[in-house]
Amino acid sequence: MKTLIKNGTVVTAGDTFKADVLIEDEKISLIGNALSADGAEVIDASGLFLMPGGIDAHTHLDMPFGGTTTADDFFTGQRAAAFGGTTTHVDFALQQKGETLIQGIDMWKKRAEGNAVIDYGFHIAITDPGEDMVSQIESLPAAGVTSIKLFLQYKGLFMVDDETLLKAMQAAKKAGVLVMTHCENGDVTDIITKQLVSEGKTDVKYHLEAHPREIEADGTSKVVAFAGVTGCKLYVVHMTCKEALHELSLGRAAGYKVMGETCTQYMFKFEDDMRVPGYEGAKWACGPPVRTPKDAEYIWKSLTDTTLQFVATDHCSFDFEGGKDGKKPGKELGKEGFHKIPNGIPGIEDRMPVMYHNGVNKGRYDINRFVAITATNPAKALGMYPQKGTISVGSDADIVLWDLNKKHTISAETHHMNVDYNAYEGMEVKGWPVRTILRGKSIVVNGEWKQEKGAGQFIKRHEGEFL
Ligand code: URP
Ligand code: ZN
Ligand code: ZN
């Protein structure tokens, strides 16, 4: 099966140029001018821009958490991602207590298989630390999993102590595995939360007090120092504030292999959105929490000056009004107290258009940097490059056709995520993915769904690069 995309403008992390792109057997086979169709199906991309399919490095689909399970499973979450121009994501598999890391990965594979509609990989989040866990890290690359997540948060659930953190980083360095960290401090959150609850301070807004920015910075400082000591490659997930970014930049200046990710919501949702009267603010409860517009400006700057390398979503969807009409319980679980709100914000569908419109159209970075932070950099750091994350001969034909003039107003009424609210409700974006192509197959065309359930593939990742 051959497809020729004609007359478009190709955008990569490095270049923007007019070219035709020929696809054969799921791969890009030729890029050039005036290529002949020679029996290929022709897609006319006149006036459109061809960008690599988005790669979301941080998602939680079908994940049990906070007394319920995320609203999106692998089918609904991935389908929504495709509508928004994302063709690959890397989800967090959770090790189960008493089980091995590989068993955790196998369990998440079962959740995806038969449901997947885009390509996917897994990080494994370590929840049962110990000597045995450390020795298992070296077995991961053979399974195509080259990143682990360690939580400094969620005491009694996922949190690891310093001994485990250090030993895991040493083992990861040896095995060529990337360490990803959630930088807060579960002890601090636990103590402050108990104090607040005992004082009857259980409103949504107190979530912010239980997750101070100083503690995110402190956690970041610690993992950066440990990365310096061990020499392992580090990727700090969901960074939110100036203080934490400062710690990351100190590590980068010192020559440590440390990188940082932010998530779309941290540029658009703020502490004041959580302080509104009533329960509405629970929609934005996540950890680390949303911060301030000033932090958002610092994040935008850090994406441009390369302190930050990645924008992901941390897509973790819970209905605002769940638990009825056959829906899973959602954010309403926290009406008893902020500490019971299932943490997380949806966004897997919105990331690409929101970051294009607010980044490129508003002059914060250029279109090539947009491709870098949303596709190429995650592909490189997570060991999928050049199979994914670029438009080059031999790469998977994961291509999104963008109409840079098409406007769209984001709304929960029209989105495809299986969740009853949207973080970007009412935002008008200019620049829209009109066709999403996965390994040569058009899976969304002008808002029409074309993909078969189960056609998404698990991507075996190799050791990633430091960026
Ligand atoms: O609140 C969040 N971020 N939920 C997802 C779990 C995590 O820590 O990434
Ligand atoms: Zn986290
Ligand atoms: Zn997460």
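Before reading on, note that the structure itself is shown above.
Description of the structure in this document. (Residues numbered from 1 in each chain as written. Chains lettered and ligands numbered in written order. Predicted model: local features only at pLDDT ≥ 70, side-chain atom pairs only at ≥ 80, totals over all residues. Heavy atoms only, no water.)

**Structural notes on the coordination of the zinc ion (ligand 2)**
Here is the rule we go by: Donor atoms (N, O, S) are those found within 2.8 Å of the metal centre, with the cutoff raised to 3.2 Å for Na, K and Ca; water is not part of the atom list, so apparent gaps in a site can occur. Per the convention used, a helix needs a DSSP run of H or I reaching at least four residues, while a strand needs a run of E reaching at least two, with both numbered from the N terminus. Relative accessibility under 20% of the residue-type maximum defines a buried residue, over 50% an exposed one, and the middle range a partly exposed one, all with a 1.4 Å probe and only protein chains included.
Taken together, K149 (NZ), H182 (ND1) and H238 (NE2) make up the protein donors of the zinc ion (ligand 2), found 2.1 to 2.3 Å from the metal. When the donors of the zinc ion (ligand 2) are listed by position in the chain, the intervening gaps give K-x32-H-x55-H. Here the zinc ion (ligand 2) and the zinc ion (ligand 3) are spaced 4.0 Å apart. One end of the pair, K149, is in strand β11 (residues 147-151); the other, H238, is in the loop between β13 (234-236) and α8 (242-253), and 89 residues separate them in sequence. Given a relative accessible area of 2%, K149 falls into the buried group.

**Here we look at helix α5 (residues 186-198)**
Selection criterion: Between the first and last residue of a helix there are one fewer steps than residues, each counted as 1.5 Å, and that sum is the expected span. An arc is given here, and it is the one of the directions from the helix axis to the C-beta atoms. Any two residues having at least one pair of non-hydrogen atoms within 4.5 Å are treated as being in contact. Any pair of nitrogen or oxygen atoms within 3.5 Å is treated as a polar contact; in protein, a donor-acceptor pairing is required on top of that, and neighbouring residues in sequence qualify only through side-chain atoms on both sides.
If you check α5, its first and last C-alpha atoms are 18 Å apart, about what 13 residues at 1.5 Å a residue would give, namely 18 Å. For α5, every residue scored as buried is listed here: G186, T189, T193 and L196. Buried residues of α5, viewed axially, fall in a sector of 100°; they line one side. In α5, those exposed residues whose orientation departs by more than 90 degrees from the buried face are K194 and S198. The elements touched by buried residues of α5 are α6 (206-210). By the N-cap criterion, in which a side-chain oxygen at the helix start approaches the backbone nitrogen of a residue two or three places on, α5 is capped by N185, the distance to D187 being 2.9 Å. Count one or two residues on from α5 and you reach G200, which has phi positive near 80°.

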